[in-house]
Amino acid sequence: MAENLLSIYEALPYLLRGSLVTIGLVGGALALGLTLGIPMAIGQVYGNKYSAGLISFYVWFFRGLPVLVLLFLFYFGLFTVLSLDLSAFTAGILVLGLRSAAYQSQIFRGAMQSIGEGQMLAARSLGMSKAKAAWHIILPQALRISLPGWSNEYSIILKDSAVTYAIGLTEIMTRGKFIATRTFKPMPIFLTCALIFLILTYGGVKLLNLLEKKVRIPGYGTEREGIY
Amino acid sequence: MQKDNTIVLRVEDIYKNYGNVEVLKGVSFEIKKGETKVIIGPSGSGKSTLLRCINQLTIPDKGRIWLENQEVTHTKKNINQFRQKIGMVFQDFNLFDHLNALRNVEIGLIKVRGMGKDEARQKAIEELKQVGLEEQANLYPAQLSGGQKQRVSIARTLAMDPSVILFDEPTSALDPELIGEVLEVIKKLALNGMTMAVVTHEMGFARSVANEVIFMEDGKIIDQGSPRKLFTNPEHARTRKFLSKITELYGRSAEKK
Ligand SMILES: Nc1ncnc2c1ncn2[C@@H]1O[C@H](COP(=O)(O)OP(=O)(O)OP(=O)(O)O)[C@@H](O)[C@H]1O
Ligand SMILES: [Mg+2]
């Protein structure tokens with residue numbers, strides 16, 4: 001037992017540095033997914049049929065493949081063919097981010113479509129262009145509605161990030177595996193990895209809950225019941 | 001009701017079909033500066049469609065709309081320029097749910113007219129005062145009563161300095177005890193010389209405020225004239241029938257005003 005604790009104690013700094021990599025990877029992928037996902041949702045809801053069709057295809061593609069297949073396809077395939085000399089970290093962010101964009105766009109799209117058409121009508125009748133109305137009126141409401149779904153997306157990407165082990169990214173699992181094989185103590189090491197993941201999931205979701213509280217507006221979400 | 005003879009809004013022979021349903025079958029009328037026109041008619045007669053055709057939220061199949069001698073239909077000019085000048089007040093308010101009363105009023109000024117933040121705020125406060133809601137400036141739509149919501153939506157429209165305001169049954173979604181405060185605001189606008197078209201079932205309001213009442217049925221204007229003429233001596237039996245029915249339905253609240 002003491003021996004196990006000692007090996008955890010020794011491995012911990014190394015694993016924690018790995019969790020910084022994981023955090024960077026997940027943060028980068030979520031940010032990329034957000035910046036692509038929002039315009040994609042707007043394009044799908046308010047764009048013409050060509051933009052909507054193109055986006056549907058993108059979503060279909062990225063949601064239709066296992067993340068491991070995407071990683072190999074891009075990292076060993078596309079990026080190599082294009083002779084992009086990307087680090088595993090950058091490649092991981094790109095692939096997880098492009099994939100998350102597909103999922104996030106659908107979270108936002110659903111939220112946008114749930115907003116009554118009266119909001120758009122009122123905005124247009126003030127003289128706002130469709131794009132301005134989507135950006136200033138629909139999106140701020142849609143993002144609030146999306147927060148629970150977005151928090152779910154965070155915890156999914158966090159867990160998916162472990163597969164970047166397969167392209168040699170030195171995140172938590174890669175490091176865990178490395179130490180486990182060297183010390184022959186897989187159980188305590190992998191338990192520690194699991195614990196770090198649990199803490200990251202829990203902490204992230206808690207933070208997003210706080211954000212949800214902070215941007216809450218009377219009449220939205222759970223408060224709606226209190227008022228009506 | 002200071003009338004002057006300039007025509008602010010001219011509606012010329014508007015037609016609109018949905019599929020094979022003819023909703024508007026050649027509607028024409030005009031509103032002079034400072035005039036209040038009240039439009040009445042049974043459900044489904046095309047009143048809302050007509051108002052939406054005026055600011056092109058619905059594109060008519062045929063006919064023209066003119067605002068202050070500029071053609072709104074078939075224009076090369078940006079429709080958003082015209083929409084700023086044609087205010088619209090909806091039956092169910094359509095306040096922006098994520099913005100408080102003040103921000104609802106100023107957002108058009110900032111994002112559409114490009115006004116500076118401070119100036120927009122000043123103006124928004126002024127408009128809220130106009131409708132008696134400066135105290136409620138920081139409340140969100142979900143925290144306002146129906147009557148207050150509608151008054152904020154009127155302030156939001158007023159802020160754009162429109163040439164004409166179109167009201168589509170502004171009190172139909174309100175509890176009876178809240179109708180009065182909204183009608184009061186609209187009445188005040190009429191007295192101050194605002195040019196307006198009001199679709200309503202409130203006959204008392206029509207009687208006391210309208211310069212002219214238009215009776216629509218089945219996509220056409222059947223009867224039109226001063227409230228006195230229309231209410232006491234309508235040309236058509238259909239108008240008479242509709243009026244007696246509406247008085248039955250809304251009679252009491254109308255008589256009180
Ligand atoms: N977008 C649409 N698509 C198809 N039909 C429509 C559409 N909008 C309106 N209509 C039809 O057009 C007719 C006129 O509708 P409109 O809403 O203009 O009537 P209204 O006079 O405003 O009635 P109400 O007093 O009930 O508000 C109705 O038969 C309605 O079903
Ligand atoms: Mg209507």
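About the cut-offs
- Residues numbered from 1 in each chain as written.
- Chains lettered and ligands numbered in written order.
- Predicted model: local features only at pLDDT ≥ 70, side-chain atom pairs only at ≥ 80, totals over all residues.
- Heavy atoms only, no water.
- Helix = DSSP H or I, 4+ residues; strand = E, 2+ residues; numbered from the N terminus.
- Rg over C-alpha atoms; globule rule 2.2 N^0.38 Å.
- Buried < 20%, exposed > 50% of the residue type's maximum accessible area, 1.4 Å probe, protein only.
- Contact = heavy atoms within 4.5 Å.
- Areas by Shrake-Rupley, 256 points an atom, 1.4 Å probe, with all protein chains shown as cover.
- Lys, Arg positive; Asp, Glu negative; His and termini not counted.
- Charge placed at Lys NZ, Arg CZ, Asp CG, Glu CD.
- Buried area = accessible area lost by both parts, 1.4 Å probe.
- Polar contact = N/O pair within 3.5 Å; in protein donor to acceptor, adjacent residues only side chain to side chain.
- Nonpolar A, V, L, I, M, F, W, Y, C, P; charged D, E, K, R; others polar.
- Axes fitted to C-alpha atoms, helices over the stretch in contact; angles between N-to-C directions.
- Parallel < 35°, antiparallel > 145°, perpendicular 65-115°, else oblique.
- Left-handed = near helix turned anticlockwise from the far one by under 90°.

### Side note on the overall build of chain B
Each helix and strand counted, chain B has nine helices and 10 strands in total. Over its C-alpha trace chain B gives a radius of gyration of 18 Å, about what one expects of a compact globule, namely 18 Å for 257 residues. Expressed as lengths along the three principal axes of its C-alpha atoms, the size of chain B is roughly 55 × 45 × 40 Å. By residue count, 57% of the 257 residues in chain B fall in the buried class. Restricting to contacts in chain B with at least 6 residues of sequence separation, those with at least 24 account for 66%. When the accessible area of chain B is evaluated, it comes to approximately 11300 Å², of which 44% is carbon and sulfur surface. Counting 38 positive and 33 negative side-chain charges, chain B places the centres of these two groups 2 Å from one another.

### Quick notes on the interface of chain B and chain A
At the interface, 24 residues of chain B touch 23 residues of chain A. For the pair chain B and chain A, the two sides together bury roughly 2100 Å², of which 64% comes from carbon and sulfur. Put simply, chain B and chain A have six residue pairs in polar contact (both at pLDDT 80 or more) between them. Secondary structure elements with two or more residues in the side of chain B that touches chain A: α2 (79-85), β6 (86-89), α3 (101-112) and α5 (146-158) of chain B. In terms of residue count, α3 of chain B provides more of the side of chain B that touches chain A than any other element does, four residues in total. A per-class count over the side of chain B that touches chain A returns 11 nonpolar, seven polar and six charged.

### Points about the packing of helix α6 (residues 130-160) of chain A against helix α8 (residues 186-214) of chain A
All names here are of chain A. As a packed pair, α6 and α8 sit with axes 10 Å apart at the nearest point and diverge in direction by 160°. Compared by their axis directions, α6 and α8 come out roughly antiparallel. In this structure, α6 meets α8 at a crossing whose hand is right-handed. Contacts between α6 and α8 involve L147, P148, W150, S151, Y154, S155 and L158 from the first element and F197, L200, T201, G204, V205, L208, L211 and E212 from the second.

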